[in-house]
Amino acid sequence: MEDFYIKNKQAVQNLIILCGGILACFLFFRYLFPIFLPFILGWLLSLLFIPLADQLEKYHIPRWAGALVGILIFISILGFLGYFAGNQLYQQLQNLLNDLPYYLEKMEEGLTLFWIEINNLLMDLPDEFTNITANLQDGIFSILLSLVQSSGSVSMIAAVPKILLGFFIALFSAFFFTKDKEGIHRAFKTHVEPLLGGSLEATKRDLATSLWGYAKTQLILMGYIFLICIIGLYLFHSPYALLLSVAIAIIDALPFFGSGFILWPGAVFHFVLGNNVLGIGYLVIYGVVQVVRQLMQPKILGDQIGMHPLLALFSMYFGYRCIGFWGLILGPIVAVVLRTILLFQQKNNRDLSSNH
């Protein structure tokens, strides 16, 4: 056993570092990430406020005042956008209420035709199957009710205080990150950089490369998804094909949304109105988009950040299982960091061996 370790010392050390890194990432993202998230957001916000504070400091304005001005500007912009979006939402809601009787009438007609077709199809079947259709409407209603109850709306309402608390903690931490930038930077140089050694600069470079690679991956996928949607929607003679294709390509790249945010409601709507061909077309386009994204994203992402597609796929799945959708983004980034540390460790070991 000792001879095996001596002969394969480097491989064993690399395996231990890799397993330890994966375990540490799992424990962090599984249990600690929600705690650190407001401070990570605060640090990202401070990157917006620091240039303003630096400029104001040249005019002998204290950094705390510059940080406070940046936060007030940020809150003002959010308030303006919220007010504008609220007005737009109110106007669209008014239009929806005005058109609601028309849509309800159309949906009622569509549902009536749907049940007539179902009854006609099952009329010649045995009584056992006919009895199923008698309770089908109640069953569908129960399913819809259960979906509404399990959709997380209650939990989302209960989570509002936590979201607000996290938002204010992010603002406060952004204030201190901006105000005490130099002190935090000195503390990082003194206490953190010695632990990481020379791998820190390489990690920064690879991290910047991976972030830019992820952005390029999403842009490439948006292009493919736009082409799929524009071709499919035109083939199925969908109204507003160009507008819908642009909206689907953008929304598909956003967290917590995806192409189903538009295509699924559109399919249901057209089925209810009796336009079955277009409803099926929406579902087909959704299926093609999902297959293309799942097959191509690991390959494109691996090419863009210099990682094997299998490793990119594993890191995305690992991140997804740990923290959900955001893990699809953070998983490959963490994999890049671990790979950089391993490569730097191997380089150091080779340098030590050559010196000896």
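Please read all numbers here as calculations on a predicted model, not as lab measurements. (Residues numbered from 1 in each chain as written. Predicted model: local features only at pLDDT ≥ 70, side-chain atom pairs only at ≥ 80, totals over all residues. Heavy atoms only, no water.)

1. Section: the packing of helix α9 (residues 241-252) against helix α10 (residues 260-272)
Thinking step 1. Direction vectors running N to C along α9 and α10 enclose 130°, while the axes themselves pass 9 Å from each other. Classified by the angle their axes make, α9 and α10 are oblique. Judged by residue contacts, L244, A247, I248 and I251 of α9 engage F261, I262 and L263 from α10.
Thinking step 2. Here the residues of the contact of α9 with α10 sort into 7 nonpolar, no polar and no charged. (Axes fitted to C-alpha atoms, helices over the stretch in contact; angles between N-to-C directions. Helix = DSSP H or I, 4+ residues; strand = E, 2+ residues; numbered from the N terminus. Parallel < 35°, antiparallel > 145°, perpendicular 65-115°, else oblique. Contact = heavy atoms within 4.5 Å. Nonpolar A, V, L, I, M, F, W, Y, C, P; charged D, E, K, R; others polar.)

2. A word on the pattern of salt bridges
Opposite charge on two side chains allows them to pair when their charged atoms are near.
Thinking step 1. All chains considered together, the criterion is met by 6 salt bridges.
Thinking step 2. When the shortest N-O distance is used, the salt bridge between D54 and R63 registers 2.6 Å.
Thinking step 3. The buried category is assigned to R63, whose relative accessible area is 10%.
Thinking step 4. The partner of R63 in a salt bridge is E57, and the shortest N-O contact between them spans 2.9 Å.
Thinking step 5. Salt bridges linked by common partners bring D54, E57, R63, K181 and E182 together as one network. (Salt bridge = Lys/Arg side-chain N within 4 Å of Asp/Glu carboxyl O. Buried < 20%, exposed > 50% of the residue type's maximum accessible area, 1.4 Å probe, protein only.)

3. Section: the side chain of R63
Thinking step 1. Here R63 is to be found in helix α3 (residues 63-122).
Thinking step 2. In terms of polar contacts, R63 uses its side chain to reach the side chain of E57, at 2.9 Å.
Thinking step 3. Reaching out from R63, the side chain makes a polar contact with the backbone oxygen of T178 at a distance of 3.0 Å.
Thinking step 4. Those residues in contact with R63 that lie beyond four places of it in its chain are I50, A53, D54, E57, T178, K179 and K181. (Polar contact = N/O pair within 3.5 Å; in protein donor to acceptor, adjacent residues only side chain to side chain.)

4. Let's talk about the environment of Q55
Thinking step 1. Here Q55 lies in helix α2 (residues 9-58).
Thinking step 2. Residue classification places Q55 among the partly exposed positions, given a relative accessible area of 43%.

5. Looking at α9
Thinking step 1. With 12 residues, α9 should reach 16 Å at 1.5 Å per residue; the first-to-last C-alpha distance of 16 Å fits that figure.
Thinking step 2. Of the residues making up α9, those classed as buried are A241, L244, S245, I248, A249, I251 and D252. (Expected span 1.5 Å × (residues − 1).)

6. Considering the nonpolar core
Thinking step 1. Grouped together as the largest cluster of nonpolar side chains are 17 residues, with contacts concentrated most on C229, L233, I248, Y282, I285 and V289.
Thinking step 2. Setting aside chain neighbours within four positions, we find I285 in contact with C229, G232, L233, F236 and L263.
Thinking step 3. Formed by 8 residues, the second largest nonpolar core is a distinct cluster that contains A67, I71, L171 and F175. (Core = buried A, V, L, I, M, F, W, Y, C linked by side-chain atoms within 4.5 Å.)

7. Describing the confidence of the model for the chain
Thinking step 1. Within the chain, residue pLDDT values average 75, and 66% of them lie at 70 or more.
Thinking step 2. Summarising per-element confidence for the chain, the mean pLDDT is lowest in helix α5 (residues 136-150) (52) and highest in α9 (83).
Thinking step 3. Across residues 147-154, where pLDDT falls below 50, the model places 1 contact with residues more than four positions away in sequence or in other chains. (pLDDT = per-residue confidence, 0-100.)

8. Points about α10
Thinking step 1. Under the 1.5 Å per step criterion, the end-to-end length of α10 is 17 Å for 13 residues, consistent within 8% with the ideal 18 Å.
Thinking step 2. When we look at burial in α10, the residues that qualify are G260, I262, L263, G266, A267, H270 and V272.
Thinking step 3. After α10 finishes, the residue G274 shows a positive phi value of roughly 90°.

9. So, unusual backbone geometry
Thinking step 1. Phi is positive for H60, close to 65°, though the residue is something other than glycine.
Thinking step 2. Here H60 is to be found in the loop between α2 and α3.
Thinking step 3. One non-glycine residue with positive phi stands out, namely H237, at about 55°.
Thinking step 4. Its relative accessible area of 70% is what places H237 among the exposed residues.

10. Details of the side chain of S46
Thinking step 1. Residue placement: S46 occurs in helix α2.
Thinking step 2. Beyond its immediate stretch of four places on either side in the chain, S46 contacts A174, F177 and T178.

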